[in-house]
Structure formats: structure tokens, C-alpha cells
Amino acid sequence: MKRWNKGWAKLLLVVVLIVGFTYTGVIIGVKYRLNQYLAAKEEQGVPVRYQKLKLKLFEGTATFIAPNLTLRKELKAGYTGTLRFESIKIKDIGYIKLLWTGNLTIDYIELKQLNGLLIKGETKSVTENRSTEKSDELGFAIKLKELILTHANLTVLNQNEKRPLATLSDFNLEIEDILVSSRTLENSFPFTGNSYAITSGPVYLKATAYEDLTLQSISGDSNYTVIKDISYQTVLPPEDFSKGLAVERDHYNITIDSLSFTQLQLTERQKDSLGIAAEHINLHQPYIKIHRNKLVAEDSRYKPMYGELLRKAPIAIQVNHFNFYNTYLAYTEKTKDFNDGGILTFEDMDVEIQNLGNTYSSPLKLHFETQFMGAGKFDADWTFNVKDTTEAFVFKGRLVDFDMRKVNSFTKPVANTELEGNMSELYFTIDGHNYQSTTNLKARYTDLGVYLIQPNSGKRKAIINTILNLFLPSNSQKKEEAFKTSATKLQRDVSRSPFNFVYKSLEKGLQEAML
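All figures in this text were calculated on a predicted structure; none of them were measured in a lab. (Residues numbered from 1 in each chain as written. Predicted model: local features only at pLDDT ≥ 70, side-chain atom pairs only at ≥ 80, totals over all residues. Heavy atoms only, no water.)

Caption draft 1: Seen up close, a nonpolar patch on the surface. A contiguous nonpolar surface patch, about 390 Å² in accessible area, is contributed by Y306, L309, F499 and Y503. Elements represented by at least two residues in the nonpolar patch include exactly α6 (306–311) and α9 (498–514). Assignment of secondary structure puts F499 in helix α9. Residue classification places F499 among the exposed positions, given a relative accessible area of 51%. (Patch = residues over 30% accessible without salt bridge, like charges linked within 9 Å, V, L, I, M, F, W, Y side chains within 5 Å. Areas by Shrake-Rupley, 256 points an atom, 1.4 Å probe, with all protein chains shown as cover. Salt bridge = Lys/Arg side-chain N within 4 Å of Asp/Glu carboxyl O. Helix = DSSP H or I, 4+ residues; strand = E, 2+ residues; numbered from the N terminus. Buried < 20%, exposed > 50% of the residue type's maximum accessible area, 1.4 Å probe, protein only.)

Have a look at this one:
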């Protein structure tokens, strides 16, 4: 019996030793293969240094403690710099495949406590990349089945000016099927993926050479996400901004209380196509001020209609409902050196857009309601089919009970003109396409007066105004229920915006009906 026990004890000891040596050998082999993998990455331009490596074979995980990643120019990612982490954990490692082949497929990764500084360098466009590389390759691409990023803080600087291009604070993201590539970044997509959860502290982005974008917080998941306290600002004040322009450009001062997304998806639809889709995108309490200095030379380049802009967008867009709630919009136009410009305001404005995108066969429909200049109810509908290359559209609107004196804050500085009277009702329909519009309009008004004023003093030109108003019908008709009507055509100036086309069409119809 004792001999039998001793035999089993020896056998057990041998088994334990074999398992122990095997386990140790596997650990040594895996670490060797992982270091081989990191050495290969270093040759590609991503050297990795770490303090410690923890392996758990039965869990299939490898955890790098205090790793530092350096991005070099050889990576061709468009960025260089250093990323420091508390830890990087790789999950579901196929150890057998790694040991036998040396190939490491990373599908699941968890990044903790990122602190990074990146420098943005020169990058080739997507078109250049496609022409110089194989069609199924990108200069830079990361694909994962799952990414977990916690408490990330990142700063991106411009290579030449060393100014921040972006900053992330306490950024947390958990996402499945993520892709980050040259193509996504080129199209302003941070990533594509499915089923995400996200939270973040303040975010800053250098949106353009002239404008900054800031967000105070992000929270949500793929079902519902909300971004709070958004600011989009032109950095310089209007006068200083205009001095540096070769051609006119709008100056922006925009704040938004919150922006929410329902069922947001950022996806890779095909190998060469990215897409954004959502059931609802809602902007709550946008405060928008736009200033344009017409003393700066006009940009004479062709301005596409909105349908063409959507149709030719580099990404697929499919937003079923896009809404603005409780919006304030002020547009200022400066046409003279000696004043600050004329202003038009749209207050308490709600906007509903259906089928916003370039994947729908049904037309895009836009409806808005607002208080124009705080004095008259103005509502309108704008409809067009994005797939229609003639850019055909219909814009129908109504303005009721409008005190025409309210528009003098625009007409006096811009056109040296004052208006008086009341617009009881105004109805119009603009049918147009890319090059021409037809406007049918009817208006009922009372006590109309149009007065030219002295540019410097602001006083009315007495004699001219007396003669002018002798020929103007002060009322639409003697009968209160009657309307003045007009039918006008307008050739579009294709160097001006689609909104300008609508405005000029309406302006011509009003002139025909009232003057």
C-alpha cells in the first residue's frame, strides 16, 4: 500500500512538473512572440515600451502595465507623438496560433487612463491614397471587434503652429466593430462602429482655420446620445475677421443648449463608402448669429443647390428627422462703411426636416414656423428631391399681421429706405430649379409708405418721398378682403447661395405686387 502511494505521489509530482514547465514554457513563448510582434510594429513606426506584462492563459488575456506608444512618421497615419496608458489589456488571444505562427490578431482591447499628445502632419488625400495603394488597403487602419477606452485625455497640435487642433477630457468609449482609418479621419468621422456607449468631459476641436468648436459633455449610447453646451465661434470679432479675407465669408456666433441623437450609426457601408444614419437629430435652443460683410469681394465660384450638395457628399447620409427647437437666428449684412449693417431676426423658430440625406427616393421636406423680426408669424415649406439633377424645388410660405416698420433695422442701413404700413397677409409659392424660378404671390396690406433717407443724417428726403408715395398704392385694394397679386420670373445668379435665390425670388414678387 505504501509502495502504491509512493508511486502515485511520484507520478503526480511528474505531472505537476510537466504542467509547470509547460505552463512556464508557454508563458515564455507567448512573451517572446508578443515582443516579436511589438518589434515588428516598431519597424512600422510604432515603438512600444512597457513596465510589465501580465499573462493569463486560461482567460486568454495579456495586460501591458504602464505602456508608452510612440507614433512615428513611418506609420503614415498623419500624426506623430506619444500615447501613455495606465494599462492596455488584449482579450481573447489565440495563444496556440500565436506560438506556432507568430501572428497576433487583436480583436478585443481595453485601454485605461490614456494621456496623449499628438502632432498632426501633412497627409495625403483619400483619392491619392487610393491611387497609390492597393484598392483594399488604407495608409492607416485599425479594426477591432470591441474597444474599451476609459478616462482618456488627449491633445492634438498643429505641426507648424503648435496650436491645439483638438482636446479630449475624461473621454470614455465602449464600442463594437470599430474602424479608425485614413478614410474615416479624412471625412471627419472619428470612427465607425456599432452598439456604443460614450461619456466625456469638455471637448475642443479646431473646426476650420477660422472657427472653434467646443462641447461641455457627451453621454449616451447607440439608442440615445446627448451633447450639451455646444459653441461654434469665429475666433476673431467681425471687423478684424473681415480684414483678413480675400473674398466674403460668414462670421459665426452659435451656441446650442443640447444636441441629441436617436439611433445614431456611423458605419462603413462598403469598402469605399462611409455612412451616417439616425432616426432623430434634435437641436435644442440654438442661438445663431451670422454676420456678412458685403464690402469684402464676393466669392464668384459656383454655389450648388442644397440637393446637389447632399447628392455629391462623400458619405451616405440618412437622417429620418432633423429638428430645431426654440431657435433664435439673427443675420447681419454690412454694406456701408459708416454703419454696422442691417439685421434680420427669426425668433422662437422651430424647424422640422424629413428625409435629410442622399439615400432616399422620397423628397426632402422642410417646414419651419417663426416670429419674423419679433412681429409677424412666418411659416414655410421647402420641398425638393435630392436625386433630381435639375434641382427642382417648391418653396411655399405665409406671413401674417406684420408691422413693416420692424424691417427698417435692415432696410435703413442696407438700402437707405424706411417702410411703413401693415402686411395683413402675404402668401407666396416659388417653383424653381437650378437656373430659374417662378414666383406667384398675393399680398393684402394697409397704409404702405416707402421713404428714402439721407445716408449720413438718417432724415427722410422730403420732396422725393412725396413724389414717390403719390404713385404707390397705400392699400392693396379699397376692399379689405382683396389682394394685390404678382407672377414673376427670376434667373438665378449661380455664384450666390440657394437661400439668396429664394430671397431674391420673393423680393422681386413683392416689388411687382406692391410697387
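Still to come is the rest of the account.
Caption draft 2: Representation of the nonpolar core within the structure. Among the nonpolar cores identified, the biggest contains 97 residues, and F393 and F395 are the most heavily contacted of them. Each residue touching F393, except ones within four places of it in the same chain, is listed here: M305, W382, T383, F384, I430, D431, G432, H433, F501 and V502. (Core = buried A, V, L, I, M, F, W, Y, C linked by side-chain atoms within 4.5 Å. Contact = heavy atoms within 4.5 Å.)

Caption draft 3: Highlighting a negative patch on the surface. There is a patch of like negative charges on the surface, built from D348, D350, E352, E369 and D381. Among the elements that line the negative patch, the one with the most residues is strand β19 (residues 342–357), at three residues. Position of D381 among the secondary structure elements: in strand β21 (residues 376–384). Looking at D381, the relative accessible area reads 35%, which means it is partly exposed. (Lys, Arg positive; Asp, Glu negative; His and termini not counted. Charge placed at Lys NZ, Arg CZ, Asp CG, Glu CD.)

Caption draft 4: Up close: unusual backbone geometry. Backbone geometry places D170, a non-glycine residue, at a positive phi of 50°. Within the secondary structure, D170 sits in strand β10 (residues 164–181). Here D170 falls in the partly exposed class, since its relative accessible area comes to 38%. Even without glycine at this site, N355 takes up a positive phi of about 60°. Counting through the fold element by element, N355 comes out in strand β19.

Caption draft 5: Region of interest: the pairing of β19. Pairing between strand β18 (residues 316–334) and β19: 12 bridges, direction antiparallel. For T332, the partnering residue across the bridge sits in β19 and is I343. Here β19 pairs with strand β20 (residues 364–372) via seven bridges, running antiparallel. Looking across to β20, one finds that E347 is bridged to Q371. Hairpin connection of β19 to β20: six residues between the antiparallel strands. (Pairing = 2+ DSSP bridges.)

Caption draft 6: Quick peek at the environment of A415. Inspection of the secondary structure assignment puts A415 in helix α7 (residues 408–415). Residue class for A415 comes out partly exposed when judged on its relative accessible area of 42%. Separated by 38 residues in sequence, A415 and I453 have C-alpha atoms that sit 9.0 Å apart.

Caption draft 7: Quick peek at the pattern of salt bridges. Enumeration over the complete set of coordinates arrives at 15 salt bridges. In this structure, K91 engages E110 in a salt bridge whose closest nitrogen and oxygen atoms are separated by 4.0 Å. With a gap of 19 residues between them, K91 in strand β6 (residues 87–91) and E110 in strand β7 (residues 108–112) connect regions that are remote in the sequence. K91 sits in the partly exposed class, given a relative accessible area of 22%. Here E110 falls in the buried class, since its relative accessible area comes to 15%.

Caption draft 8: Here's a closer look at the pairing of strand β14 (residues 224–234). Sheet topology places strand β13 (residues 211–221) next to β14; nine bridges connect them, and they run antiparallel. Across the sheet, the residue bridging to L213 is Y232, located in β14. Where β13 hands over to β14, the hairpin turn is made up of two residues, counted between the paired strands. Both β14 and strand β15 (residues 251–262) contribute to a ladder of nine bridges, which runs antiparallel. Across the sheet, Q233 pairs through a bridge with N253, a residue of β15.

Caption draft 9: Summary view of the packing of aromatic side chains. Here the structure, examined in full by the defined rule, presents 17 aromatic pairs. Summarising the aromatic geometry, the rings of F368 and F378 are spaced 5.3 Å apart at their centres and angled 85° between planes, so their arrangement reads as edge-to-face. With F368 in strand β20 and F378 in strand β21, this residue pair connects regions lying 10 residues apart in the sequence. No difference in accessibility class separates F368 from F378, as the two residues are buried. Members of the aromatic cluster, each reached through a chain of ring pairs, are Y306, F346, F368, F372, F378, W382, F384, F393, F395, F402, F428 and F501. Positioned above the aromatic ring of F483 is the side chain of K442, whose terminal nitrogen or guanidinium carbon lies 4.9 Å from the ring centre. A cation sits over an aromatic face here: R444 above F483, 5.8 Å from the ring centre. (Phe/Tyr/Trp six-rings, centres within 6.5 Å; stacked < 30°, edge-to-face > 60°. Lys NZ or Arg CZ within 6 Å of the ring centre and 35° of its normal.)

Caption draft 10: Highlighting the environment of L452. Looking at the secondary structure, you find L452 in strand β24 (residues 436–452). Between the C-alpha atom of L452 and that of K412, which follows or precedes it by 40 residues, the distance is 8.7 Å.

Caption draft 11: Geometry of the side chain of T488. Mapped onto the elements of the fold, T488 is located in strand β25 (residues 484–491). Classification of T488 as buried rests on a relative accessible area of 6%.

Caption draft 12: How the structure looks around the side chain of S437. Examined against the element boundaries, S437 turns out to sit in strand β24. When its relative accessible area of 1% is taken as the criterion, S437 is described as buried. Polar side-chain contacts of S437 include one of 2.6 Å to the side chain of S505. The contacts of S437, once residues within four sequence positions are left out, are I430, D431, G432, T488, K489, L490, F501 and S505. (Polar contact = N/O pair within 3.5 Å; in protein donor to acceptor, adjacent residues only side chain to side chain.)

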